Amino acid sequence: MAPANWCPQCQTVLANEQVVGEGLCERCGTPVIRRDLEQWFLRITKYADELLEYTEAEWPERIKVMQRNWIGRSTGVDISFGIDIEGVDDKEIWVFTTRPDTIYGVTFFVLAPEHPLVEKLTTPEHKDEVQEYVERARSQTDIERLSLEKEKTGVFIGAYAINKLNGERVPIWIADYVLLSYGTGAVMGVPGHDQRDFEFAHDFGLPIRVVIAPEGWAGEELEEAYVDPGTMVNSGQFDGMPSEQGMEAISDFMEANSYGIRTVRYRIRDWLISRQRYWGAPIPIVYCDKCGTVPVPESDLPVLLPEDAEFKPTGESPLKYCESFVNTTCPGCGGPAQRETDTMDTFMCSNWYFLRYTSPGYDTGPYDPSKMAYWMPVDQYTGGAEHATMHLLYARFFNKAIRDLGLAGFNEPFTRLFNQGTIVMERQKMSKSRGNVVNPDEYVAKLGADTVRGYLMFIGPWDQGGGWDDSGISGISRWLNRVWNLVLEEQKSANLPSLDGAAVTELRRQTHKTVKRVTEDLEKFRFNTMLAALMEFTNYLSKIKETRSVAGEEWREATKTLLLLLAPSAPHITEELWERVGYTYSIHNQSFPSWDEAMVVEEQVTLVIQVNGKLRDRVEVPVSITETEARELALGSTRVQAYINDRKVRNVIYVPGRLVNVVIS
Ligand code: ANZ
Ligand code: ZN
């Protein structure tokens, strides 16, 4: 953590005078935005590349895409342009481009209106117009400014830039579609091959030159920018090259002549964590007249918020005028000193709260390192997708930073991430203002917590959510009542045939199959299909209980398994049943049932394959084989093939689970 005094692009630490004013990084020419010295930043940019990799994190693709876009890595070239104006010391301006192959197509040059060079380069006769434009641009958001739909605006500042590749002089404009905060805050205008530049040139009558020819191009004018690869034209010694190759050749050429540097740029900026408000963890820094900016030593951590702060309607943080908090002694020299009164962004705490869960009572540090090593990383993290680029990215960064400080032995905080869906009401998000909020407490009071919980699991795939429906929840309630009766009720009829032979085998098979389905669904968070499997199993057992005597051990085993499988979903009712049936407390301390793979293999049947009604082959297939699979199997059989030879297949008749008859001419 540090006040931002490094270049956001090349990470070079800047000289102090550079930070105080607006300036350009001496090493890479990036504008260094003037920042309030009291703002604190975390250097997330240092981890940008590592954050693009998810080798140890099994995360949903769309979250990874959102994070990657947020980080916004682009490879390209920083190119130096000369400046043609008397009396200016800066003899060059740098641009960042991802398309060095288009360098011969530059017909103008654009600076962000706030670029530090604008004032120096604007010629006297353009001053007023430029100043007015800069004011207007400052009042817009980046999103407004970058919008493709927006009409292009801009003004010429009277100066010229020199393209060092061909010596051409091009006019320098300012326009709000160029942002100060990205790249070098400057763009080489290539209207032939960039749509924004195309529109700009079109609106202001600037020349549009084709330097990457589309296939079959015969010199005609373009109707819009041609942005794909092509053949280089109007590009001096590079003419005739495929543009992808030209990209490398031109980059090499510029690097060899020291006016281009291959570079990687990121959209992500360092994380500003300073907040001017009371809530949030205090930033543990002390300012001393003698020693300067001094970190609070570890032995004095944590710095706690004062409880006697007064809240006044001043718009300022109450910490600023809370003397008991502000005034302290310097950890360096023992003299009087003042505390930092900014607090940290609350995302700072959500970076690591789960580490504290591993040892909540530990009082000599944030967490017990051995407990942390045992429990972390988090195996399964569930949260909303709205946190994709804030909390979830910050937490990954924080983890990597503490790892590098030797405080964590793992690379990613959350091994597996799952985004839960939303429960909606009549296709609308529940909200107080719409008055469509379901209050779960009422349903818990009426139908029980297990029912509400079960219904939420059953309502739809966990990552998609679903629509709340009162008849759906009563379905769950009825099912749980049936489970209750199934396990406890006496059989109605006393003289039913006993459960034996094939029926027992089948019961065991169904039990093992259910264990397998439930276990696999549970691991994949497919709670809705898991409950469906348990419902099917309940139905199956109910039928047996109606037709067979269930006095035997096999039945007891089957219902015991049902309870164990249901326990995570309906913890209360299963605990109660567990006790009533006579097992020892508690059901939640039992091992989860396991299955025998041999018991779950599908039953096989023999499929007869005929050609024109005559038996030609037999194959063993699972009973669940589909018609398409059966047909393919029959037609693929080598024996059948021998009969078909080059004759035409006229028809394929399928009798489910029994035969396939191939009719040939
Ligand atoms: C010339 C050029 C020619 C460009 C061409 C593109 C196509 P990404 O991919 O997002 O990194 N650019 C650079 N700095 C900018 C700024 N501060 N504000 C607005 N636009 C900026 O975008 C890189 C491209 O965005 C750069 O490549 C530059 O336009 C523009 F046929 O340079 B290009
Ligand atoms: Zn001091």
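As the structure is a computational prediction, the values presented were derived from the model and not from experiment.

### Quick word on the pairing of strand β28 (residues 649-655)
A regular strand places its side chains so that they alternate between the two faces of the sheet.
Working step 1: Relative to strand β29 (residues 659-664), β28 runs antiparallel, the two being bridged by 6 bridges. In the sheet register, Ile653 faces β29, and the bridge partner there is Asn661.
Working step 2: A loop of 3 residues connects β28 with β29, the two strands running antiparallel in sequence, and Gly657 in this loop sits at a positive phi of about 70°.

### Comments concerning the confidence of the model for the protein
Working step 1: Mean pLDDT for the protein: 90, with 94% of residues reaching 70 or above.
Working step 2: The low-confidence segment residues 16-20, where pLDDT is below 50, has 11 contacts with residues more than four positions distant or belonging to other chains.

### Topic: the pattern of salt bridges
Working step 1: Scanning the entire structure with this criterion turns up 27 salt bridges.
Working step 2: Between Glu168 and Arg209 there is a salt bridge; the shortest N-O distance is 3.1 Å. Separated by 41 residues along the polypeptide, Glu168 in the loop between β8 (155-162) and β9 (169-174) and Arg209 in the loop between α7 (195-204) and β11 (212-213) bring together distant segments of the chain.
Working step 3: Residue classification places Arg209 among the partly exposed residues on the basis of a relative accessible area of 25%.
Working step 4: Taking the shortest distance from any N to any O, the salt bridge between Lys516 and Glu597 comes out at 3.3 Å.

### Remarks on helix α17 (residues 502-523)
Working step 1: Counted at 1.5 Å a residue, the expected span for α17 with its 22 residues is 32 Å, and the 32 Å between its end C-alpha atoms agrees.
Working step 2: Every buried residue of α17 is accounted for by Ala503, Val504, Leu507, Arg509, Gln510, Thr511, His512, Thr514, Val515, Val518, Thr519 and Asp521.
Working step 3: Positioned one or two residues after α17, Phe525 has a phi angle of 60°, which is positive.

### Section: the packing of α17 against helix α19 (residues 553-566)
Working step 1: At a minimum axis separation of 10 Å, α17 and α19 run at an interaxial angle of 10°. Overall, the two elements α17 and α19 adopt an arrangement that is roughly parallel. Every residue of α19 that contacts α17 at Val504, Leu507, Thr511, Thr514, Val515 and Val518 is listed here: Glu554, Trp555, Ala558, Thr561 and Leu565.
Working step 2: Looking at the contact of α17 with α19, its residues break down into 7 nonpolar, 3 polar and 1 charged.

### Re the site of ligand 1
Working step 1: As a matter of local geometry, ligand 1 sits amid 18 residues, with Ser74, Thr97, Leu179, Tyr182 and Arg267 nearest to it.
Working step 2: Contacts to ligand 1 include Tyr182, whose side-chain N or O atom sits 2.5 Å from an oxygen atom.
Working step 3: Across the complex, the protein chains shield 85% of the 640 Å² of accessible surface that ligand 1 would expose by itself.
Working step 4: Of all elements in the fold, only β6 (92-97) and β10 (186-189) reach the threshold of two or more residues within the shell around ligand 1.
Working step 5: Take the shell around ligand 1: its biggest share by element is 3 residues, from β10.

### Focus on the sheet that holds β28
Working step 1: On the basis of which strands lie adjacent, the open sheet formed by 4 strands has the order β27-β26-β29-β28 and mixed pairing. For this open sheet the edge positions go to β27 (614-622) and β28, each flanked by a neighbour on one side alone. In this sheet, neighbouring strand axes are inclined to one another by 20° on average, regardless of whether the strands run parallel or antiparallel.
Working step 2: Two elements, strand β26 (residues 604-611) and β27, share 8 bridges in a ladder whose sense is antiparallel. Paired with Leu607 across the two strands is Val619, which belongs to β27.
Working step 3: Packed onto the sheet, helix α22 (residues 627-636) meets β26, β27, β28 and β29 and runs at close to 130° relative to β28.

### Regarding the coordination of the zinc ion (ligand 2)
Working step 1: In the first shell of the zinc ion (ligand 2), the protein supplies Cys288 (SG), Cys291 (SG), Cys330 (SG) and Cys333 (SG), at 2.2 to 2.5 Å from the metal.
Working step 2: Between the 4 donor atoms coordinating the zinc ion (ligand 2), the angles at the centre fall across 104 to 117°, so the site counts as tetrahedral.
Working step 3: Take Cys333: its relative accessible area is 35%, and that puts it in the partly exposed class.

### Section: the packing of helix α14 (residues 440-447) against helix α15 (residues 449-458)
Working step 1: In the contact formed by α14 and α15, the axes pass within 7 Å of each other and the chain directions differ by 125°. Our classification of the angle between α14 and α15 gives oblique. On α15, the residues that touch Pro440, Tyr443, Val444 and Leu447 of α14 are Ala449, Thr451 and Val452.
Working step 2: Per-class residue counts for the contact of α14 with α15 are 6 nonpolar, 1 polar and no charged.

Parameters and conventions
Residues numbered from 1 in each chain as written. Chains lettered and ligands numbered in written order. Predicted model: local features only at pLDDT ≥ 70, side-chain atom pairs only at ≥ 80, totals over all residues. Heavy atoms only, no water. Pairing = 2+ DSSP bridges. Helix = DSSP H or I, 4+ residues; strand = E, 2+ residues; numbered from the N terminus. pLDDT = per-residue confidence, 0-100. Contact = heavy atoms within 4.5 Å. Salt bridge = Lys/Arg side-chain N within 4 Å of Asp/Glu carboxyl O. Buried < 20%, exposed > 50% of the residue type's maximum accessible area, 1.4 Å probe, protein only. Expected span 1.5 Å × (residues − 1). Axes fitted to C-alpha atoms, helices over the stretch in contact; angles between N-to-C directions. Parallel < 35°, antiparallel > 145°, perpendicular 65-115°, else oblique. Nonpolar A, V, L, I, M, F, W, Y, C, P; charged D, E, K, R; others polar. Near = heavy atom within 4 Å. Polar contact = N/O pair within 3.5 Å; in protein donor to acceptor, adjacent residues only side chain to side chain. Areas by Shrake-Rupley, 256 points an atom, 1.4 Å probe, with all protein chains shown as cover. Donors = N, O, S within 2.8 Å, 3.2 Å for Na, K, Ca; no water. Tetrahedral: all angles 85-135°; square planar, octahedral: opposite > 155°, others 65-115°.

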